[in-house]
Amino acid sequence: MKTWLLKFKISDALNDRRSLPPSVESAVKRSAELQSFVADANALARELKSQLPGTETSAQLHVSIMRAVRSARSASDTKTEFVWPRWVPASGLVAAILLGVVLIIQFMPQPASKVQPTDAHPLADASSALDLGGRLMSQAPELALSPLSDEMQKLDRNLADTGKFLLASLP
């Protein structure tokens, strides 16, 4: 992992034509592998710079490029002519749907609000709910523990019967 990092630092310094940092330079002096990497990187850079491609282009290439540019420009002009009429029915359909939704919401019958008679007691419902809650709280332990108490009674009876059986079976 260290050698990869050092190789990256060396390669970066060679690409930017900077001098190597002192820590990397001392590591290069100590390692033969890093010295060969630096030599290979320098040789590769020299080879790539010495073999620059030629810049000769023919006049026929220029003519064919310009023909392709003109045909692409005329093709894009024909496409824009047909795009606008496609928007008209789609936008009309969306507008009709939105108008229908607004009209449905606007003319939807509103629920009639309840008017309480003057003789109704608004606190009567609340007091009955509180009474029901109080009764539930007093009955809940009895209802929850009744099956358990039945089982405990059956267990006591079984133990007593077992004791009687064992005493009767002794000589």
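Residues numbered from 1 in each chain as written. Predicted model: local features only at pLDDT ≥ 70, side-chain atom pairs only at ≥ 80, totals over all residues. Heavy atoms only, no water.

Q: Would you explain the overall build of the chain in this entry?
A: Each helix and strand counted, the chain has five helices and zero strands in total. For the chain, the sequential pattern of α-helices and β-strands runs α-α-α-α-α. Every one of the 171 residues in the chain was classed for burial, and the buried ones make up 6%. Considering only intrachain contacts with a sequence separation of at least 6, the fraction spanning at least 24 residues in the chain is 48%. (Helix = DSSP H or I, 4+ residues; strand = E, 2+ residues; numbered from the N terminus. Buried < 20%, exposed > 50% of the residue type's maximum accessible area, 1.4 Å probe, protein only. Contact = heavy atoms within 4.5 Å.)

Q: Would you mind going over a nonpolar patch on the surface with me for this structure?
A: Residues L145, L148, M152, L155 and L159 make up a contiguous nonpolar surface patch of roughly 510 Å² in combined accessible area. Assignment of secondary structure puts M152 in helix α5 (residues 122-169). (Patch = residues over 30% accessible without salt bridge, like charges linked within 9 Å, V, L, I, M, F, W, Y side chains within 5 Å. Areas by Shrake-Rupley, 256 points an atom, 1.4 Å probe, with all protein chains shown as cover. Salt bridge = Lys/Arg side-chain N within 4 Å of Asp/Glu carboxyl O.)

Purely spatial values, then, with no claim about function.
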